[in-house]
Amino acid sequence: MPVLHSTKNLKIITPATETSAGVGIFEYTDAYTVFHYGRMPDLIPGKGEAICRMAAFNFALLEEAGVRTHFRRFIVPHRIEFDLARLPAPDAVPLVPGSRNALIPVQVLVRTELPQGSSVHRRLAAGTLTPAQAGLSSLPAVGEELKEPFVEFATMLDDVNQYIDAAEAQRLTGLDDDRFRALLDTTVTVNRVLTEHARTVGLRHCDGKLEFVVAGDGGLVLADSPGTPDESRLAYGGVHCGKQVLRNWYVDNGFEVPVNQLIAEGVPRHRWPTPTPLPGDFLPVMSDLYRSLCETWTGERRWNAPDLQAATAAVARVIRH
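Summary of the structure given here.

The rules behind these values
Along each chain, residue indices are assigned from 1 in the same order as the chain's sequence is written. Restriction of local features to residues with pLDDT of at least 70 applies here, the model being predicted, together with a cutoff of 80 or more for giving and counting side-chain atom pairs; totals for whole chains, interfaces and linings are based on all residues. Neither water nor hydrogens contribute to the side-chain values; these are computed over all heavy atoms in the structure. Each helix is a run of H or I in the DSSP string that is no shorter than four residues. Each strand is a run of E no shorter than two, and both are numbered from the N terminus. Note that the radius of gyration is over C-alpha atoms, with the globule rule given as 2.2 Å times the number of residues to the power 0.38. Think of it in three bands: residues with accessible area under 20% of the maximum for their type are buried, residues over 50% are exposed, and the middle band is partly exposed, with areas taken using a 1.4 Å probe on protein chains only. Contact definition: two residues touch when any of their heavy atoms are within 4.5 Å. Computed with the Shrake-Rupley method and a 1.4 Å probe, the accessible areas treat only the protein chains shown as cover for residues. His is not counted, nor are the chain ends; Lys and Arg add positive charge and Asp and Glu add negative charge. To locate a charge, the coordinates of NZ of Lys, CZ of Arg, CG of Asp or CD of Glu are taken. Paired strands are those between which DSSP finds at least two bridges. As used in this record, nonpolar core signifies buried Ala, Val, Leu, Ile, Met, Phe, Trp, Tyr and Cys residues forming a set joined through side-chain atoms within 4.5 Å. To estimate the expected span of a helix, subtract one from its residue number and multiply by 1.5 Å. Comment: axis = line fitted to C-alpha atoms, over the contacting stretch for helices; angle = value between 0 and 180 degrees taken between N-to-C directions. The pocket and cavity definitions rest on a 1 Å grid over protein atoms only: a 1.4 Å probe that fits but cannot leave marks a cavity, an open set with protein on both sides within 12 Å along at least five of seven lines marks a pocket, and residues lining either have an atom within 4 Å of a point. Grid points are joined across faces, edges and corners, and a volume is the space filled by probe spheres set on the points. Gly is placed with the polar residues, together with every amino acid not listed as nonpolar (Ala, Val, Leu, Ile, Met, Phe, Trp, Tyr, Cys and Pro) or charged (Asp, Glu, Lys and Arg).

1. Considerations on the overall build of the chain
Across its full length, the chain carries eight helices and 12 strands. Taken over C-alpha atoms, the radius of gyration comes to 19 Å for the chain, in line with the 20 Å a tight globule of 321 residues would show. Along the longest, intermediate and shortest principal axes, the C-alpha atoms of the chain span 55 × 45 × 45 Å. The buried share of the chain, reckoned over its 321 residues, is 54%. The long-range share in the chain, meaning contacts at least 24 apart out of those at least 6 apart in sequence, stands at 67%. Entry remark: accessible area of the chain is about 14,400 Å², with carbon and sulfur atoms responsible for 51%. Side-chain charges of the chain comprise 32 positive and 38 negative groups, with the mean position of each set lying 3 Å from the other.

Encoded structure:
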């Protein structure tokens, strides 16, 4: 559960050891991140609680489907208690086979659609990914739905995480063939459950990022906040329901922070430029979007937010003007 670019605050109640899981609490804040910069200048009122409630809902949904998770309990209004694992030091990667109570230092990415903003389009255009590697016969259209989920892997502990192939991912995880296969099977199950739920409430679950830990008994445990807009790309009526709309605004207006360039040039993080703040009228629109998304996803009316059709229409009107 790295917190380098996280919008969550971590409180350790009981440290994890090699022989026993610890206890941690995530506090979900109203901050947001884009471009691997870290927390951006603005806060979106209500975002933290909305995402926390979605995370708690998703853990219950996934556990019903037989997925083992690190979730312990929801603490009203914006905290989650969970089984804490050890965060491996960079020099402790790859994990030693047989590691216990440890975060697996690999992100698992699973895609069911390729909407605007998906890195697949950019990487295909750059030649760093081929259609065949993505299970495609030709270049995809924006928004194309995949016949089968496309599972990828990325590093987790770098300033900017890098895509890696399955062989390198397995090496870094320290998992044997059977348990690596179990990791893939669990990923497909999680994606299926979240994608099916999204459809039942009128949303599209386009892609998602998953994190896992190796428990004390060697089992694989789903961690972090699966299926929330901080970890998944969700859409309604073709409008992104999350930070992709803000990322688009920064790029379209020339305000993107060149993180990759800054890292390549060795610029210390404390000397990075401060991002441009969002226009003031964006914040209430985004606040309504996150609250509406949470109410739609969980079925629980907490704020009487605008319905998702109205909330996404406001996003399209205000932020895409």
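From this point, things continue past the structure.
2. A few points about the pairing of strand 2 (residues 22-28)
Of all seven residues making up strand 2, six are buried, and the element is well covered by its neighbours. As judged from the six bridges shared by strand 1 (residues 8-14) and strand 2, these two strands associate in the antiparallel manner. Bridge assignment links Ile12 to a residue of strand 2, and that residue is Gly24. In terms of strand pairing, strand 2 meets strand 4 (residues 79-84) through six bridges, oriented antiparallel. Looking across to strand 4, one finds that Glu27 is bridged to Arg79.

3. Here's the deal with the nonpolar core
Core analysis: the biggest nonpolar cluster contains 71 residues, and Tyr32, Ile80, Phe153, Leu246, Leu278, Met286 and Ile319 have the highest contact counts within it. Aside from chain neighbours lying at most four places away, what touches Leu278 is Tyr32, Asp42, Leu246, Trp249, Tyr250 and Leu283. Among the nonpolar cores identified, the runner-up in size contains eight residues, and Leu114, Val120, Leu146 and Phe150 belong to it.

4. Considering helix 1 (residues 47-64)
Between its first and last C-alpha atoms helix 1 spans 26 Å; for 18 residues at 1.5 Å apiece the expected length is 26 Å, and the two agree. Burial analysis of helix 1 places 14 of its 18 residues in the buried class, which makes it a mostly covered element. In the segment just after helix 1, Gly66 is the residue with positive phi, at about 90 degrees.

5. So, the sheet that holds strand 2
Think of a sheet as strands paired side by side through backbone hydrogen bonds, with each pair either parallel or antiparallel. Spatial strand order, 1-2-4-3: four strands in an open sheet with antiparallel pairing. Where the open sheet ends on each side, the last strands, each with one partner, are strand 1 and strand 3 (71-75). On average, adjacent strands in this sheet sit at an angle of 25 degrees to one another, irrespective of strand direction. Against the sheet, helix 1 engages strand 2, strand 3 and strand 4, with an angle of about 145 degrees to strand 3.

6. Looking at empty space enclosed by the protein
By the definition in use, this model includes one cavity of 30 Å³ or more. Space inside the largest cavity adds up to approximately 30 Å³. What lines the largest cavity is Val110, Val190, Asn191, Leu194, His205, Gly208, Lys209, Leu210, Pro226, Gly227 and Ser232. Of all the secondary-structure elements, those providing two or more residues to the lining of the largest cavity are helix 4 (177-200) and strand 9 (204-214). For the lining of the largest cavity, the leading source of residues is strand 9, giving four residues. In the lining of the largest cavity, the residues fall into five nonpolar, five polar and one charged.

7. With respect to the layout of surface pockets
Here the second largest pocket is characterised by a volume of approximately 230 Å³. Considering the residues around the second largest pocket, the lining is formed by Arg123, Thr128, Leu129, Gln133, Phe150, Val151, Glu152, Phe153, Tyr163, Ile164, Asp165 and Ala166. Among the elements of the structure, strand 7 (144-155) and strand 8 (163-164) are those that each provide at least two residues to the lining of the second largest pocket. It is strand 7 that provides the largest number of residues to the lining of the second largest pocket, a total of four residues. Tallied by class, the residues present in the lining of the second largest pocket amount to seven nonpolar, two polar and three charged.

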